[in-house]
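Structural overview for review
These are the residues of each chain, in order.
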Amino acid sequence: MASDSRESSSANIQIKRTVLLKSGVEVKVNDHVYVSPSWSTREGTPYSIGRIMEFLRPEGSSSSFDFDALPYTRVRLAWYYRPRDVSDRPAGDSRLLLAAIYSEICDINQVRAKCFVVHRNKISDLAGWKKRPDRFYFVRLFDPYLKKEFEIVQTTDVTNIPEHVRNTLVERYEYVAAEKEVVPDLTDALRVCDTCTVWCANLESVQCDRCKKYFHMHCVQPPLQAKPSRGYGWTCAPCSRRHEEEVDSRAAVRHATPVTAKPPLKSNAPAPRGRGRPRKDRTQAEKEENFPVKHFRLWPFRYFGQYTLVGDTLDPEDLIFPRAATRVGPKYQVTGIPDNGSPHLGPDEERGGDKTVEVLGAVNDFTPAEMSEMETCLRTITNDEKSRSSVDFLTEVVRQFSDATLNGKSLSSVTYKTLNTPRIEKWKAQPTRHYTDKEWSREEIVAFEDAIAVHGAELRAVRDEVVVRSIYEVVRFYGHWKNSRLGEENERIRTYGRPSTPIPSIQSNSKPDGLNNCQTIGLDDDESSIIVPPSKAPACGACRTRDSKIWWKAPKGLQSNILCDSCGVNYRKYADLNMRPTRDESTPAVGVIPSGSGQGSATRGRTNVSGGTTAEKREGTPLVGPASKRSKTASSVTSTPPPPSSNVPQLSCCACSRNGPVGKVIKCKNCGFSVHAASIGITLSADKLDDWRCDLCENEEEQEASIYHDCLLCPRPRGTAHIRSGSYLRACKVTESHGWAHVLCSVFIPEINFTDSSTMRSVEGITSIPHKRWITQCVICQQKGGAVVKCNDCYKEYHVSCAWNEGHKFGFEIQPVKGTRKETHITTMFRGEPGCMNAIVSCKGHDHSRRKIYEICDTDDGGESALQVYCRAYKQVPPQINQTHALLRKARRLDQLIAVRPEHALTNNTSSEDLECVKCLTQFTPKFYHTESGWMCHACNFKPPTNHDVPIVTPDRSQSPTVQPDSILVSAPEVLVN
């Protein structure tokens, strides 16, 4: 009887429901759909696109008796990304997507409509595919954790792997993802070692440059320890001997490099039918939409790149996710003994040996007598039941009992005092003070629970809300907090029993139909996204049209807050307001009189609202024809301006003069200064974008720095200076002396550093700029006083701000570094190009077309700008210096400036004990200075002369350099400090 009930329950679980959308379209597993919550929840973002992996019933309902009667309430989706979601680079194709091995469980009512997503190789006519509505394609895979794109290849095209591995891949998956540089090796012919006739893996084999045969590195004699370096080749022994014989016989012939004919590109497109346009094959299009795709454990692809072990792919449990290089080895791990570690670690002890293993479970080998003794000692330590059941307490007790047993001590040596005594642990610089954290106060618990309600299990964000606790304490408390909640729930179940209704009432629009076993899902009319048109004739925020049957809410940043039906649907589905209307939804011109409009005319037309006739556009004809072929209009129609050239909402950056989305480009709410956040070291959350103020506006209220905003690296302005909000020179940072310096000047003057290069805070090193650069005249403004820089391509010198206003070239250039010089140069990488990064300032008249110069706001795939990469690598105060106080670092730089030259220092034959100042006759001074009148003490040497000492000389103000507040002019042995 019991077996029958089990079989019937399992049979009920296998019964599936039919899921219908509001439009009546059926959606099934592996269908692609638009997914989005309500307009207010998603804050005006377009629809997301995902693949339905499985339909799920309410959470916690698996034990319900009437499980099959419950409707689907959740759906697991495999997401696709748009290129604009993962990169700042503009994407010209709104139908292009990026696949991902990433899934989430969402509310089933967030499913909007059905769409089609196919790999590019499955599409015969890409242009025709993109003209049809709700059609997308993908060619690459994006990993959201590695922030990297991978090429997607069909498993049938992978040939350079063992046959049994290839058969397994073809049987399970439709595609594989690999790095771009690995794809040619995977799709090449099968490579077999010429010595052992076994398949050659790319990382374990080499190819002869002459005979083009492959060999395992361990099969050649002598075995190769590593592959040849880039730019070098390798030849096998027979080819090498043959080459030597040719050279010795002086009959060496220069062999021409064989040219291998490239095979023609494969195409699934049907053969053209002679002249004219090919006939549309609707049967072929339907086959492409419903092309069968193999799935293994809900996924159609897996990673098969350079970090994949070929044998592991046979294991069904092998991870399919993309991976990076391992971080095991001396490059990433400590191999030496730290200076401040445990005193019982000897210098000869190697990490990972038997002597450094800390045994925590010796109590598992206790005899019954020892277990009884341990229970007795445990009761003597504490009688508090709460403490004795605490995980932290038991962990520490077991550790100390095990340690006492291994060291031959009695178990009674473990007391309450030893549990709370700080101890030094292996490989830890600081001793561990207590086995548990300090008790959390009520206010801290309330702040923790509020943060959990907002951020969930994102504990770093929770730690920012609970300021007084470290991340380690938050993680430990989170575990105890979850256990306490589970304990309270279990206690409630033991006291009152389980609730009579296991599943709460489901608040959804799902409507199950018991007769047909189907349910309808979806939100009603996109909720608040569709709006009622106002009484006054509205205008679309994108195309400015005033004729639309349905009006949609528009995202922020447009000229109006509504969109017409065409623009609203295009934005939500394709994330593009500039998209050309699809053929099915194209709106014909108003008032066009069809040709041959007589009674015998075969041209079809329809009457518009005003009574005019509208000609239907024949499918396949261009939307906008040439002027000579346009139909005549009965009445002049006001032409509408073209839609904006970029996605909205957008702001213009004053540094690069390019538009960017809100969030990437931020705008000061006081002065209107807008700039890319990455070009000034600012990171803002979405809720703080509208309240952001630039540093100068923020200082006007807080007044933490100087109220005069003149840049200390530029010449002093004449009269009242005002920095325009539309100039990048509005971006300033506070110096170590609470002055101000342009971000542009601080980055492109090599002596300047930042205390924190990530935020570009606290400009340092102004006093390190040579005196010659302060007194050199700028070729642009013809002034002295500011620090000048030299053109990278000529001899001209000018101020950084003058060069920016003049329109000179600013950017960053990466120069390759040889392997032998990498230890002496700081190298970095930007957009996959490694090398030494240099800040370039060049006159606008020079030719820069042959050089690859990255602009200030250019970003890589991770969203980091070239300016940020340069500052992080070259503008950060060194760590060994950054540990000291900022004033101490400035004092040390001043000491280097005021140090006298060697000819004025004491000689070896002169003793400071015999010296005496010729003015004040003192013998006590930090340092004596040799002058024409004799030795002088430090005070008398730097004391300004009085009127009766030297005659008064009026300096020429027009020739004297302007001294900046943070600068020191040195003319040994005299020092002038302003």
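Here is what the cut-offs are and how they apply
- Residues numbered from 1 in each chain as written.
- Predicted model: local features only at pLDDT ≥ 70, side-chain atom pairs only at ≥ 80, totals over all residues.
- Heavy atoms only, no water.
- Helix = DSSP H or I, 4+ residues; strand = E, 2+ residues; numbered from the N terminus.
- Buried < 20%, exposed > 50% of the residue type's maximum accessible area, 1.4 Å probe, protein only.
- Contact = heavy atoms within 4.5 Å.
- Areas by Shrake-Rupley, 256 points an atom, 1.4 Å probe, with all protein chains shown as cover.
- Pairing = 2+ DSSP bridges.
- Expected span 1.5 Å × (residues − 1).
- Salt bridge = Lys/Arg side-chain N within 4 Å of Asp/Glu carboxyl O.
- Phe/Tyr/Trp six-rings, centres within 6.5 Å; stacked < 30°, edge-to-face > 60°.
- Core = buried A, V, L, I, M, F, W, Y, C linked by side-chain atoms within 4.5 Å.
- pLDDT = per-residue confidence, 0-100.
- Axes fitted to C-alpha atoms, helices over the stretch in contact; angles between N-to-C directions.
- Parallel < 35°, antiparallel > 145°, perpendicular 65-115°, else oblique.
- Nonpolar A, V, L, I, M, F, W, Y, C, P; charged D, E, K, R; others polar.
- Disulfide = S-S within 2.5 Å.

Focus: the overall build of the protein
Each helix and strand counted, the protein has 24 helices and 38 strands in total. Out of the 978 residues belonging to the protein, those deemed buried represent 38%. Taking all contacts inside the protein whose residues are at least 6 apart in sequence as the whole, residues at least 24 apart take part in 57%. When the accessible surface of the protein is split by element, carbon and sulfur atoms take 51% of a total near 60,200 Å².

Side note on helix α21 (residues 866-874)
What α21 keeps buried is the set A866, L867, Q868, V869, Y870 and C871. Packing partners of the buried residues in α21 comprise α18 (743-748), β27 (753-756), β31 (809-815), β32 (828-830), β33 (833-842) and β34 (853-854).

Structural notes on the pairing of strand β9 (residues 148-154)
Within β9, five of the seven residues are buried, which leaves it mostly tucked inside the rest of the structure. As judged from the four bridges shared by strand β8 (residues 135-143) and β9, these two strands associate in the antiparallel manner. Note that in β9 the partner of F142 across the bridge is E149. In sequence, β8 turns back onto β9 through a hairpin of four residues, with K147 there showing a positive phi of about 55 degrees. Inspection of the sheet shows β9 paired to strand β10 (residues 175-178) by four bridges, in the antiparallel sense. Opposite I152, over in β10, you have A177 as the bridge partner.

Here's the deal with helix α11 (residues 391-406)
A rise of 1.5 Å per residue sets the reference length of α11, with its 16 residues, at 22 Å; its end C-alpha atoms lie 23 Å apart and thus fit the reference within 8%. Just downstream of α11, G408 is the residue with a positive phi angle, here 75 degrees.

A short note on the pattern of salt bridges
Any two side chains of opposite charge can pair, given that their charged atoms come close. All told, the structure shown has 29 salt bridges when counted by the stated rule. Two residues, K122 and E174, come together in a salt bridge whose shortest N-O distance is 3.5 Å. With a gap of 52 residues between them, K122 in the loop between β7 (111-119) and α4 (126-131) and E174 in the loop between α5 (163-172) and β10 connect regions that are remote in the sequence. Given a relative accessible area of 12%, K122 falls into the buried group. Sharing partners across several salt bridges, the network here consists of R658, K809, E855 and D858.

Section: the pairing of strand β4 (residues 48-56)
Along β4, seven of the nine residues are buried, which leaves the element largely enclosed by surrounding structure. Relative to β4, strand β3 (residues 32-35) runs antiparallel, the two being bridged by four bridges. The partner of V33 across the bridge, within β4, is G50. Pairing analysis gives seven bridges linking β4 to strand β5 (residues 74-81), with the strands arranged antiparallel. Bridged to I49 within β5 is Y80.

Focus on the packing of aromatic side chains
Centre-to-centre distance and the angle between the planes together describe a pair of aromatic rings. Tallied over the full model, the rule gives 26 aromatic pairs. An angle of 50 degrees between the planes, with centres 5.9 Å apart, marks the rings of Y34 and Y47 as tilted. Of this pair, Y34 sits in strand β3 while Y47 sits in the loop between α2 (39-42) and β4; the two residues are 13 residues apart in sequence, bridging distant segments of the chain. Taken as a pair, Y34 and Y47 share a single burial class, namely buried. With a centroid separation of 6.3 Å and 25 degrees between ring planes, the pair formed by Y478 and W481 is classed as stacked. One end of the pair, Y478, and the other, W481, are both in helix α15 (residues 471-496), three residues apart, so they sit about a helical turn from each other. An aromatic cluster is defined as three or more aromatic residues linked by ring pairs; in this entry it consists of Y728, F748, W804, F810, F812, Y870 and Y874.

Some words on the sheet that holds β34
Taken together, four strands build an open sheet; the order of strands is β32-β33-β31-β34 and the sheet is antiparallel. Edge positions in the sheet fall to β32 and β34, since each has one partner strand and no second. Judged from the three bridges that link them, β32 and β33 form a sheet pairing that is antiparallel. Its bridge partner being in β33, M829 is matched across the sheet by P834.

Considerations on the nonpolar core
Counting 66 residues, the largest nonpolar core has L713, Y728 and I856 as the members making the most contacts within it. Of all the elements in the fold, those that place two or more residues in this core are α17 (695-702), β25 (732-734), β26 (740-742), α18, α20 (800-806), β31, β33 and α21. In this structure L713 touches A741, C745, S746, I749, I752, I766, I769, W774, G786 and A787, once residues within four positions along its chain are discounted. Residues V158, V165, V176 and W299 belong to the second largest nonpolar core, which totals 36 residues.

Some details on the confidence of the model for the protein
Summary statistics for the protein give a mean pLDDT of 76 and a share of 72% for residues scoring 70 or more. When the criterion is pLDDT under 50, residues 579-648 qualifies, and its contacts beyond four places in sequence or with other chains add up to 78 contacts.

Observations concerning unusual backbone geometry
That bond from Q221 to P222 is cis: its omega, -5 degrees, falls within 30 degrees of zero. Tracing the chain through its elements places P222 in the loop between β12 (214-216) and α7 (237-248). Even without being a glycine, K212 presents a positive backbone phi close to 65 degrees. A positive phi is found at L921, a non-glycine position, where the angle reads about 60 degrees.

A short note on the side chain of S36
Note on placement: S36 falls in the loop between β3 and α2. With residues near it in sequence (within four places) discarded, S36 still touches R42, Y47, Q110 and R112.

Remarks on the sheet that holds strand β18 (residues 562-563)
Read from one edge of the open sheet, three strands run β16-β17-β18, paired in antiparallel fashion. At either end of the open sheet lies a strand with only one pairing partner, and these are β16 (530-531) and β18. Across two bridges, the pairing between β16 and strand β17 (residues 551-553) is antiparallel. For I530, the partnering residue across the bridge sits in β17 and is W552.

With respect to the packing of helix α13 (residues 442-455) against α15
Interhelical geometry of α13 versus α15 gives an angle of 85 degrees and a closest axis separation of 12 Å. One finds that α13 runs roughly perpendicular with respect to α15. Contacts between α13 and α15 involve I445, F448, E449 and I452 on the former and, on the latter, V474, F477, Y478, W481 and R485. Residues belonging to the contact of α13 with α15 are distributed by class as follows: seven nonpolar, no polar and two charged.

Comments concerning the environment of K438
Here K438 shows up in the loop between α12 (416-419) and α13. Taking the C-alpha atoms as reference, K438 lies 9.8 Å from R469; in sequence the two are 31 residues apart.

Thoughts on the state of the cysteines
Counting across every chain of the model gives zero disulfides. Note on C843: no disulfide assigned, nearest cysteine sulfur contributed by C791 at a separation of 3.6 Å. Here C920 stays unpaired: no disulfide links it, and the sulfur of C917, its closest cysteine neighbor, is 3.6 Å away. C920 gets classed as partly exposed once you look at its relative accessible area, which sits at 40%.

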